[in-house]
Amino acid sequence: MVRQRRKHPVGRLSEFPPGTHRVVRVGRREIGVFNIRGTLYALPNLCPHQTGPLCEGKTTTGTLVAREENDWKFEWAYEGEIVSCPWHGLEYHIPTGKCLAFPEITLRRYEVVVEDGVVKVIL
């Protein structure tokens, strides 16, 4: 049996200005909806480390990275695209769901659409 995906309204677009995020409830799920430079992303409000409330952090930030092509010098990256779990600080890249410390961990991402000014998460 194939489950039909449905659009769940979670608020007006005006409630998600760029650079902000909110935790919304869809059924029994808590989902963080993030607006990064006008693009909406949604992640589960659950850190796989110890089930902490991942999306309840106050702000999204960037992070320091060191890359071989930059001779391993630290540089600031992913400005506005990182959420850190408030329990233990694990960082996740919101657009991809990837954990920065453990790249084999990827969060489920939910599709977000806007219709007539209403933000909807597809589950």
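What counts, and at which threshold
Numbering of residues begins from 1 in every chain and follows the order in which that chain's sequence is written. The predicted origin of the model limits local features to residues at a pLDDT of at least 70 and limits the giving and counting of side-chain atom pairs to 80 or more, whereas totals for whole chains, interfaces and linings rest on all residues. Excluded from the side-chain calculation are hydrogens and water; included are all heavy atoms of the structure. Residues are said to line a cavity or pocket when one of their atoms sits within 4 Å of a point; the points come from a 1 Å grid over protein atoms alone, cavities being sets where a 1.4 Å probe fits but cannot get out and pockets being open sets with protein on both sides within 12 Å along at least five of seven lines. Grid points are joined across faces, edges and corners, and a volume is the space filled by probe spheres set on the points. What counts as a helix is a DSSP run of H or I of at least four residues, what counts as a strand is a run of E of at least two, and both are numbered from the N terminus. Note on residue categories: nonpolar means Ala, Val, Leu, Ile, Met, Phe, Trp, Tyr, Cys or Pro, charged means Asp, Glu, Lys or Arg, and polar means any other residue, Gly included. Pairs of strands are assigned from DSSP output, requiring at least two bridges between the strands. For helices, the fitted line uses only the C-alpha atoms of the stretch in contact; every axis is such a line through C-alpha atoms, and the angle between N-to-C directions lies from 0 to 180 degrees. Just to be clear on terms, a salt bridge is a Lys or Arg side-chain nitrogen sitting within 4 Å of an Asp or Glu carboxyl oxygen. Any residue under 20% of the maximum accessible area for its type is buried, any over 50% is exposed, and the rest in between are partly exposed; the area is computed with a 1.4 Å probe on protein chains only. Pairs of N or O atoms are called polar contacts if they sit within 3.5 Å, as long as, within protein, a hydrogen donor faces a hydrogen acceptor (for residues adjacent in sequence, only side-chain-to-side-chain pairs).

Looking at an unreviewed UniProt entry, the protein chain carries the name Rieske domain-containing protein, with the source organism given as Rubrobacter xylanophilus.

**Student:** How should the layout of surface pockets be read in this particular structure?
**Tutor:** By volume, the largest pocket is sized at about 160 Å³. Lining of the largest pocket is provided by T63, L64, V65, Y78, E91, H93, T96, K98, C99, L100 and P103. Sorting the residues of the lining of the largest pocket by element identifies β5 (61–66) and β7 (91–93) as the ones contributing at least two each. In terms of residue count, the dominant contributor to the lining of the largest pocket is β5 (three residues). The residue makeup of the lining of the largest pocket, split by class, is six nonpolar, three polar and two charged.

**Student:** I'm lost on the sheet that holds strand β3 (residues 29–36) in this one. Help?
**Tutor:** Sheet strands pair by backbone hydrogen bonding; their relative direction is either parallel or antiparallel. The sheet built from three strands is open, its strands ordered β2-β3-β4 with antiparallel pairing. Strands with a single pairing partner mark the edges of an open sheet, and in this sheet they are β2 (21–26) and β4 (39–44). Here the strands of the sheet are splayed against their neighbours by 30° on average, with no regard to which way each runs. Relative to β3, β2 is paired through six bridges, and the arrangement is antiparallel. Across the sheet, V23 pairs through a bridge with G32, a residue of β3.

**Student:** Is there a simple way to explain the sheet that holds β7 in this structure?
**Tutor:** Read from one edge of the open sheet, three strands run β5-β6-β7, paired in antiparallel fashion. This sheet does not close on itself; its edge strands, each paired only once, are β5 and β7. Here the strands of the sheet are splayed against their neighbours by 65° on average, with no regard to which way each runs. As defined by bridge partners, strand β6 (residues 74–84) adjoins β7 across three bridges and the pair is classed as antiparallel.

**Student:** Honestly, the pattern of salt bridges in this entry has me stumped. Any pointers?
**Tutor:** A side chain with one charge can pair with a side chain of the opposite charge if their charged atoms come near. All told, the structure shown has seven salt bridges when counted by the stated rule. Residues E81 and R37 are paired through a salt bridge, measuring 2.4 Å at the closest nitrogen-oxygen approach. Taken together, the residues span a long stretch of sequence, with E81 in strand β6 and R37 in the loop between β3 and β4 at a distance of 44 residues. Among the residues examined, E81 registers a relative accessible area of 16% and is labelled buried. You can call R37 exposed: its relative accessible area is 59%. K120 is the partner of E115 in a salt bridge, and the nearest nitrogen-oxygen pair spans 2.8 Å. A relative accessible area of 18% places K120 in the buried class.

**Student:** Hey, could you run me through the side chain of T63 in this one?
**Tutor:** You can see T63 is positioned in strand β5. Within the local environment of T63, its side chain forms a polar contact with the side chain of E91, the two groups lying 2.8 Å apart.

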